[in-house]
Amino acid sequence: MSSAFQHILYEVDDGVADIMLNRPPLNLIDRDITEAYFAALEMADQDPDVRVIVLSGKGKGLSAGVNLRWLEQFDAADMHAFLRLYYVESIQRTRALSKPIIAQVHGDAREGAARWLLAAIW
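Residues numbered from 1 in each chain as written. Predicted model: local features only at pLDDT ≥ 70, side-chain atom pairs only at ≥ 80, totals over all residues. Heavy atoms only, no water.

(A) Broad picture of the pairing of strand S3 (residues 52-57). In terms of residue burial, S3 counts as a mostly covered element, since six of its six residues are buried. Residues of S3 alternate between two faces, with Val 52, Val 54 and Ser 56 on one and Ile 53, Leu 55 and Gly 57 on the opposite face, all of them buried. By the bridge criterion, six bridges tie strand S2 (residues 16-21) to S3 in an arrangement that is parallel. From the neighbouring strand, Leu 21 faces S3, where its bridge partner is Gly 57. In this fold, S2 hands off to helix H1 (residues 31-46), which returns the chain to S3; that crossover is right-handed. Where S3 meets strand S4 (residues 101-103), three bridges bridge the pair, whose relative direction is parallel. Bridge pairing in S4 places Ile 53 opposite Ile 101. (Buried < 20%, exposed > 50% of the residue type's maximum accessible area, 1.4 Å probe, protein only. Helix = DSSP H or I, 4+ residues; strand = E, 2+ residues; numbered from the N terminus. Pairing = 2+ DSSP bridges. Right-handed = clockwise from strand over helix to strand, strands pointing away.)

(B) Broad picture of the sheet that holds S3. Taken together, four strands build an open sheet; the order of strands is S1-S2-S3-S4 and the sheet is mixed. Each edge of the open sheet carries a strand with a single partner, namely strand S1 (8-13) and S4. Taking the axes of each pair of neighbouring strands and ignoring which way they run, one obtains an average angle of 20 degrees across the sheet. Packed on one face of the sheet, H1 meets S1, S2, S3 and S4 and runs near 10 degrees to S1. (Axes fitted to C-alpha atoms, helices over the stretch in contact; angles between N-to-C directions. Contact = heavy atoms within 4.5 Å.)

In structure tokens, the structure reads:
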């Protein structure tokens, strides 16, 4: 699996775009991985060879959720910006996809990862 992203593996094979969170063992989510995920979704959606998108995680599971140590540094403005990115934009971007997205879940799919899954099926 190749990647143009730091913490996301992205590959297209036989009409399937695989987007794999690659920050094992827990695939903790922060701004960088969220923005990479959004970019990978957009790349897959714009690729005429892609018919379906599969989201998965490397390591113990899809994701154990948001990196709490990262959140500890936030002031109110940081938290507002993050919640907008993490919750509102995840729903908007996922629902705007022209292709179906499937989650290949093993192990944990907590909070943020669960939010991404809900955005996919909502």
